[in-house]
Amino acid sequence: MNALSLLGRYFGASMRSQMQYPASAMMLTLAQLASTAIEIVSIWALFDRFGAVKGWAFGEVMFFYALIGISFSFADFLTRGFDVFGSDFVRTGAFDRLLLRPRSAALQLVGHDFRISRFGRFFQASIILAIATGTLGFVWTPQAILLALWTIAGGVAFFGALFVLQAVMAFWTVESLEAVNALTYGGVYAGQFPISFYARWFRTFLIFIVPLACVSYFPVLAILGRSDPLGAPDWFLPLAPAAGFLFLALAFLAWRFGVSKYTSTGS
Amino acid sequence: MDALRPYIAAFNSRFLLMMQYRAAALAGFFTQCWFGAVHVMVLAAFYLGAPEAAAASPITLSQAVTYTWLAQGLLAVMPWNGDPEVAAGVRTGSISYDRLRPVDAYALWYVRAAGWMTARLVPRVALMILAAGIALPLIGQGQWAWQPPSSLSAALLFALSETLAIALACAIVMLINIIVVATLNARGINILMQPIVIIFTGNLLPLALYPDVVRVALFLQPFAGTLDIPNRIYFGNLTGQMAWAGIGLQIFWTVLFIVLGRFWLGRVMSRLEVQGG
């Protein structure tokens, strides 16, 4: 069985198990939808009181908000195994079993679980995207759609890399590190605004160290057909999401190093 | 005094237990610094981008910045979810021991929640003062710092109001605990509480910055008493009669929730079905 059909099996098993309790899966999805939608209220309140900021109106910020939300929901859906890696695999010693199987550990972790409830955030972000489209009178040309899909792909790779790095740290800390939440959930929050809102040191951090801006700010500028007021060249904007894949590749390098240093805690 | 001993012991044991989790406190602190910094920068972008609206705003930028650091430092006081010990007790059935103890179950759980809350609060708030109140001004970023209280009377009123905020938050946690016991599941209510708490306490955005038409309603609702009211007393936005009105509201909600909680817990406990073996 090749890797893809194996993942398909994992996926099917995960869906079937959650569908044993359809009402629960539905309610958790709705709860995710509601709890992630609430943030837009505070952003709206700020625009309502202060008006447009640095040339950005509410409709455009909704665009940032929606795309980063969609990216994160997919990454969260695909990387649950890495998210719980410290507490469920390293601490318990269950990772030993994964290593014994004739498949890569990363593949098995991706297949560990797919939470249906993560689609709550996806639906919520999609609704906001539709509202933003209406507010701005934005026309979705085929080019814009392709660019949006490419942006989302880069964003999924970016957040996936963060979850993998969180798992890598668990090799040493044993527990899942809560501090990475600052980068994952905090990243979603920070990515909701154009980076021109932020101080220079924070912008530098978001471009070069944890390349969040490359999967939200730059490509969204390209989708909206604007040039960067901070001076990034126009040709760079649509290429920026590639940084998400580069980040993911680096994360997997770190992962391999972590696996090679792994010593079991199990008994 | 003897009558109080079991409750004091319950508070102390929980407090000392939670103080062991130093790594968790550090991790939480890092997350709070990140969120605090992003919130401050976003607020600054809005305030500085619209000088007229900023002048008309009910709180100034420097007050909003102080509010943000207070909100991050006092994160442990927010009634996000029920006491995990109660949830575990419901799941494993060990809740039946609490029924057998010759003490008042409501009071016991209440002081345990208070111990749990204050133990997570103390290290986090101390680190936050160190970082946002002392380190930031030292590196020349004083305008983004956590400012001291506006006056001595504001500081004293804040101390009173923050104590009441903890009392109120514990009363809300107790209501969540009771829902957990009644529904035998902590997950649903905990997920439901997240968005309510993040908006209505003022954690996501100071309540004063919401549109003027809803501000009175936001002031009167119970969650304002856990963060927004003490914060506004701290930087002198609520003074004199308004400060006392805020404190009065905190007392009102706390008493109401405790009375309600006691009554409800009695009913739930009298027909409790114990799980586990």
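Data block above holds the structure.
Quick look at the structure, then.

The rules behind the values
- Throughout this document, residue positions are counted from 1 along each chain, in the order its sequence is written.
- Lettering for chains starts from A, numbering for ligands starts from 1, and both go in the order in which the items are written.
- In view of the model being predicted, local features appear only for residues whose pLDDT reaches at least 70, and side-chain atom pairs are presented and counted only at 80 or more, with totals across whole chains, interfaces and linings using the full set of residues.
- Strands here are runs of E lasting at least two residues and helices are runs of H or I lasting at least four, both read from the DSSP assignment and numbered beginning at the N terminus.
- In this description the radius of gyration comes from C-alpha coordinates, and the expected globular size is given by 2.2 Å times residues to the power 0.38.
- Neighbour density around each residue's C-beta defines its exposure: 20 or more other C-beta atoms within 10 Å make it buried, 12 or fewer make it exposed, and counts between make it partly exposed, where C-beta atoms are placed from the backbone.
- Here, residue contact means that the backbone-derived C-beta atoms of the two residues sit within 7 Å.
- Orientation is described by axes fitted as lines to C-alpha atoms, over the contacting stretch for helices, and by angles from 0 to 180 degrees between their N-to-C directions.
- When an angle is under 35 degrees it counts as roughly parallel; over 145 it counts as roughly antiparallel; between 65 and 115 it counts as roughly perpendicular; any other value is oblique.
- Each nonpolar core consists of buried Ala, Val, Leu, Ile, Met, Phe, Trp, Tyr and Cys residues. Their C-beta atoms, within 7 Å, join them into a set.

With that settled, consider the overall build of chain A. What chain A contains, in helices and strands, is 14 helices and zero strands. When the elements of chain A are put in sequence order from the N terminus, they spell out α-α-α-α-α-α-α-α-α-α-α-α-α-α. By the compact-globule yardstick of 18 Å for 267 residues, chain A fits well, its C-alpha radius of gyration being 19 Å. Along the first, second and third principal axes, the C-alpha set of chain A runs to 60 × 40 × 35 Å. Counting across all 267 residues of chain A, residues that qualify as buried make up 43%. At a minimum sequence separation of 6, the contacts of chain A that also span at least 24 residues come to 82%.

Okay, the packing of helix 9 (residues 142–173) of chain A against helix 13 (residues 217–224) of chain A next. Residue and element names in this part refer to chain A. Closest axis-to-axis distance for the helix 9/helix 13 pair is 9 Å, and the angle between their directions is 170°. Considered as vectors, helix 9 and helix 13 are oriented roughly antiparallel to each other. Contacts from Ala144, Leu147, Ala148 and Thr151 in helix 9 reach Pro219, Val220, Ala222 and Ile223 in helix 13.

Facing the 28 residues of chain B at the interface are 29 residues of chain A. Mapped onto the side of chain B that touches chain A, the elements with two or more residues apiece are helix 2 (22–49) and helix 9 (187–200) of chain B.

Residues and elements named next belong to chain A. Relative to the helices and strands, Arg118 resides in the loop between helix 7 (105–110) and helix 8 (119–136). When the C-alpha positions of Arg118 and Leu78 are compared, they lie 9.6 Å apart, and in sequence the two are 40 residues distant. Not counting chain neighbours up to four residues away, the residues in contact with Arg118 comprise Gln32, Ser73, Asp76 and Phe77.

All right, on to the nonpolar core then. Considering soluble globular proteins, one finds that nonpolar side chains tend to be buried as a cluster. Residue and element names in this part refer to chain B. Counting 160 residues, the largest nonpolar core has Ala169 and Cys170 as its most contacted members. No other element matches the 18 residues that helix 8 (residues 152–183) contributes to this core. Excluding residues that lie within four positions of it along the chain, Cys170 makes contacts with Tyr110, Ala113, Ala114 and Met117.

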